[in-house]
There are 2 protein chains.
Amino acid sequence: MRAWNEIAIVRYEGGAPSLAQDVVIAECPFEIRLDGQPYASVMAMPEKLDDLAIGLLYGEGAIETAADVASVAIDEARGQIAVTRVHSRAVSPEDRVRTTGFGLGSTPKRQLDAAPLPVEGRDPLQASDIVALMDEFNARSQLFRDTGAVHSCCLCAGETRLFADDVGRHNALDKVIGASLRLAFDRAAAALLTTGRVSTEILIKTAKAGIPTLISRSAPTDRAVALARSSGMTLVGFARGQRFNVYAGEERIR
Amino acid sequence: MRAWNEIAIVRYEGGAPSLAQDVVIAECPFEIRLDGQPYASVMAMPEKLDDLAIGLLYGEGAIETAADVASVAIDEARGQIAVTRVHSRAVSPEDRVRTTGFGLGSTPKRQLDAAPLPVEGRDPLQASDIVALMDEFNARSQLFRDTGAVHSCCLCAGETRLFADDVGRHNALDKVIGASLRLAFDRAAAALLTTGRVSTEILIKTAKAGIPTLISRSAPTDRAVALARSSGMTLVGFARGQRFNVYAGEERIR
């Protein structure tokens, strides 16, 4: 399955039409199954689907570590991602996520109302590092600029980078968190970079994964800022070129 | 309840910090209740909440016209939007939408798999009108540019404009569709303008509302393009300044 397709379109410029080729992102429906039962429906770019499923299940609390996962089987033709747990158990209808995945989350209201755990960064952050990380991130999120339909996330710690694209902000985040579980990545020393807006759900997912630093090209909401401040996280927005805004945790930045 | 807040932040430019004020969008959790029972949890910008609830329930098929709605009561303090139908009936747990609303949809998989109805436009579209409508739309979606966290939609027919902003693409669309139901607006003669990406769900919601023309500042996905082509809709993307791309229905454009 390809992550994008080229299609023929008509391009207008100054009132004049011309034929052109355009790259559009592939968006496919997948059913995530857990222990043999339907769990969630997601619309996603068909890439890193195992990480997507693991990250989503982790965010929902259905698994705690990668060691809880016995197997992940992807059936692209049927549009299924089947995850089995080491200690499999019945999934109640109440636990199921009805639809999720296109730029969207599934966080239940009880989680949205709760304050996230304290997730304070251990080390100071250099302002010059924020600029350099975003430069590198922008160079890599080429697909985003080419098609305009993709969000990207990158989890950075030391020299390690976990990168993912998707049609949805939430999917891209689930993918990098899923990869970090699989690779036993040190999230407590990491910064998460995202092209997307920082909503409450994005903030909570990041905090829940124990990532103390969140840097976005885009804007946070008021509630995401309040949650970041109360949890001790560092939240940076509008990180573009030499500029960025610090919404929370400014005392960590040198 | 205010739709946005001003907060104190630290702004870095070329490595130097300074104190600044920044406008951030308000994002609030609401429970949509239907006939006295919980129906959906949404994160939304607290504005046009009645239209949001009506539009969301219409998109889900819980109501067919505004005449099905007996009352809408908004309790901001408790975060509830209570809708009662003229012919109220029990809401089964299967019908409930667990969480929705921040840049996200709730369309069940069975709807995502189904092709939308034919929604062909009656009249030709002038290329100059597409440019002029988007110019006007961009001027109006100021909040989007100021804060970077808002998506806007505008439903246009003749001289009438229904405009809405929200933290989520889907919410903004639900709001203008909700308003169009309330006002008996002629959607079959309308164009929908959006700042957001056109996913399958956005395309299906627009088609289901009988709107034949969808124009976005941003990109569509491959599946949204395919659905627009099969349903006879006109789909325009990357509409910026004098330029736009026609992904479907180019024969209607003069």
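Right above here is the structure, for reference.
No experiment lies behind these values; they were computed from the predicted model shown.

Participant: Is there a simple way to think about helix 1 (residues 49-59) of chain B in this case?
Facilitator: Since one α-helical turn is 3.6 residues long, residues separated by three or four positions face the same way. Residue and element names in this part refer to chain B. The element helix 1 is largely enclosed, with a buried count of 10 among its 11 residues. Taken together, the buried positions of helix 1 are Leu 49, Asp 51, Leu 52, Ala 53, Ile 54, Gly 55, Leu 56, Leu 57, Tyr 58 and Gly 59. Phi for Gly 61, located one or two positions after helix 1, is positive at around 80 degrees.

Participant: What is the right way to look at the layout of surface pockets in this model?
Facilitator: By rolling a water-sized probe across the atoms, one finds the places where empty space is left. The space that makes up the second largest pocket amounts to roughly 680 Å³. If you list the elements that add at least two residues to the lining of the second largest pocket, you get helix 4 (142-147) and strand 11 (234-240) of chain A together with helix 4 (142-147) and strand 11 (234-240) of chain B. In the lining of the second largest pocket, the residues fall into four nonpolar, 10 polar and eight charged.

Participant: Would you mind showing me how to read the sheet that holds strand 8 (residues 160-166) of chain A here?
Facilitator: Within a sheet, each strand pairs with its neighbour through backbone hydrogen bonds, oriented either parallel or antiparallel. Judged by pairing direction, the sheet is mixed, and its eight strands sit side by side in the order 8(A)-7(A)-9(A)-10(A)-11(A)-12(A)-1(B)-2(B) without closing on themselves. Where the open sheet ends on each side, the last strands, each with one partner, are strand 8 of chain A together with strand 2 (16-25) of chain B. Neighbour-to-neighbour, the strand axes of this sheet turn through a mean angle of 25 degrees, independent of strand direction. In the packing of helix 7 (residues 222-231) of chain A onto the sheet, the strands contacted are strand 11 and strand 12 (243-248) of chain A together with strand 1 (4-13) and strand 2 of chain B, and the crossing angle to strand 1 of chain B comes to about 65 degrees.

Participant: Is there a simple way to think about helix 5 (residues 169-182) of chain A in this case?
Facilitator: Spanning 14 residues, helix 5 of chain A covers 20 Å between terminal C-alpha atoms, matching the ideal 20 Å at 1.5 Å per step. For helix 5 of chain A, the buried fraction is high: 13 of the 14 residues fall into the buried class.

Participant: Help me understand the packing of aromatic side chains in this model?
Facilitator: To describe a pair of aromatic rings, you give the distance between the ring centres and the angle between the ring planes. Applying the stated rule across the entire model yields four aromatic pairs over all chains. With a centroid separation of 4.7 Å and 15 degrees between ring planes, the pair formed by Tyr 12 of chain A and Phe 244 of chain B is classed as stacked. Of this pair, Tyr 12 of chain A sits in strand 1 (residues 4-13) while Phe 244 of chain B sits in strand 12 (residues 243-248), on two different chains. One exposure class covers both Tyr 12 of chain A and Phe 244 of chain B, and it is buried. Against the face of Tyr 58 of chain A rests Lys 208 of chain A, its NZ or CZ located 5.1 Å from the ring centre.

Participant: Explanation requested: the pairing of strand 5 (residues 69-75) of chain A in the structure shown.
Facilitator: Successive side chains on a regular strand alternate, one facing one side of the sheet and the next facing the other. Residues and elements named next belong to chain A. Relative to strand 6 (residues 80-85), strand 5 runs antiparallel, the two sharing six bridges. Paired with Ala 73 across the two strands is Ala 82, which belongs to strand 6. Turn length for the strand 5-strand 6 hairpin, with the two strands adjacent in sequence and antiparallel, is four residues, and the turn residue Gly 79 shows positive phi of about 70 degrees.

Participant: Hey, could you run me through the sheet that holds strand 9 (residues 191-194) of chain B in this one?
Facilitator: Read across the sheet, eight strands follow the order 2(A)-1(A)-12(B)-11(B)-10(B)-9(B)-7(B)-8(B) without closing on themselves; strand pairing throughout is mixed. Single-partner strands in this sheet number two, and they are strand 2 (16-25) of chain A together with strand 8 (160-166) of chain B. Shown here is a sheet whose adjacent strand axes are inclined to one another by a mean of 25 degrees, direction ignored. Sheet analysis places strand 7 (residues 151-157) of chain B next to strand 9 of chain B, joined by four bridges and oriented antiparallel. Within strand 9 of chain B, the position partnered with Cys 153 of chain B by the bridge is Thr 194 of chain B. Contacts from helix 7 (residues 222-231) of chain B reach strand 1 and strand 2 of chain A together with strand 11 and strand 12 of chain B within the one sheet, and its direction differs from that of strand 1 of chain A by about 65 degrees.

Participant: Quick question: what am I supposed to make of the pattern of salt bridges here?
Facilitator: Pairing of side chains with opposite charge becomes possible as their charged atoms draw close. Taken as a whole, this structure holds 16 salt bridges over all chains when the rule is applied. A salt bridge links Glu 136 of chain A to Arg 161 of chain A; its shortest N-O distance comes to 2.8 Å. Of this pair, Glu 136 of chain A sits in helix 3 (residues 127-140) while Arg 161 of chain A is found in strand 8, placing the two residues 25 residues apart along the sequence. Linking Asp 51 of chain B and Arg 182 of chain B is a salt bridge whose minimum nitrogen-to-oxygen distance equals 2.8 Å. Residue Asp 51 of chain B is found in helix 1, and its partner Arg 182 of chain B is found in helix 5 (residues 169-182); the two are separated by 131 residues along the sequence. On the basis of relative accessible area, Arg 182 of chain B is assigned to the partly exposed category, the value being 49%.

Participant: Quick question: what am I supposed to make of the environment of Lys 205 of chain A here?
Facilitator: Residue and element names in this part refer to chain A. Within the secondary structure layout, Lys 205 lies in helix 6 (residues 200-208). Owing to a relative accessible area of 11%, Lys 205 belongs among the buried residues under this scheme. Expressed as a C-alpha distance, the spacing of Lys 205 and Gly 59, which sit 146 residues apart in the sequence, is 6.2 Å. For Lys 205, the residues in contact, after removing those within four places along its chain, are His 170, Leu 173, Asp 174 and Ile 177.

Participant: How should I be thinking about the state of the cysteines in this particular structure?
Facilitator: One covalent bond between the sulfur atoms of two cysteine residues makes up a disulfide. All names here are of chain A. This structure, assessed with the given rule, holds zero disulfides over all chains. Cysteine Cys 28 remains unbridged, with the sulfur of Cys 153 as its closest cysteine sulfur at 19 Å. Classification of Cys 28 as buried rests on a relative accessible area of 16%. As a non-bridged cysteine, Cys 153 has Cys 154 as the owner of its nearest cysteine sulfur, 8.7 Å distant.

Participant: When you look at unusual backbone geometry in this model, what are you seeing that I'm missing?
Facilitator: With glycine set apart, most residues show a phi of negative sign, and most peptide bonds adopt trans. All names here are of chain A. Located in the positive-phi region is Asp 35, a residue other than glycine, with phi close to 50 degrees. Here Asp 35 lies in the loop between strand 3 (28-34) and strand 4 (37-44). Judged by relative accessible area, Asp 35 falls into the buried class, the value being 17%. Positive phi, normally seen in glycine, also occurs at Ala 184, with a value near 50 degrees. Locating Ala 184 in the fold gives a position in the loop between helix 5 and strand 9 (191-194).

Criteria and cut-off values
Residues numbered from 1 in each chain as written. Chains lettered and ligands numbered in written order. Predicted model: local features only at pLDDT ≥ 70, side-chain atom pairs only at ≥ 80, totals over all residues. Heavy atoms only, no water. Buried < 20%, exposed > 50% of the residue type's maximum accessible area, 1.4 Å probe, protein only. Helix = DSSP H or I, 4+ residues; strand = E, 2+ residues; numbered from the N terminus. 1 Å grid on protein atoms, 1.4 Å probe; cavity = no way out; pocket = protein on both sides within 12 Å on 5 of 7 lines; lining within 4 Å. Points joined across faces, edges and corners; volume = space filled by probe spheres on them. Nonpolar A, V, L, I, M, F, W, Y, C, P; charged D, E, K, R; others polar. Pairing = 2+ DSSP bridges. Axes fitted to C-alpha atoms, helices over the stretch in contact; angles between N-to-C directions. Contact = heavy atoms within 4.5 Å. Expected span 1.5 Å × (residues − 1). Phe/Tyr/Trp six-rings, centres within 6.5 Å; stacked < 30°, edge-to-face > 60°. Lys NZ or Arg CZ within 6 Å of the ring centre and 35° of its normal. Salt bridge = Lys/Arg side-chain N within 4 Å of Asp/Glu carboxyl O. Disulfide = S-S within 2.5 Å.

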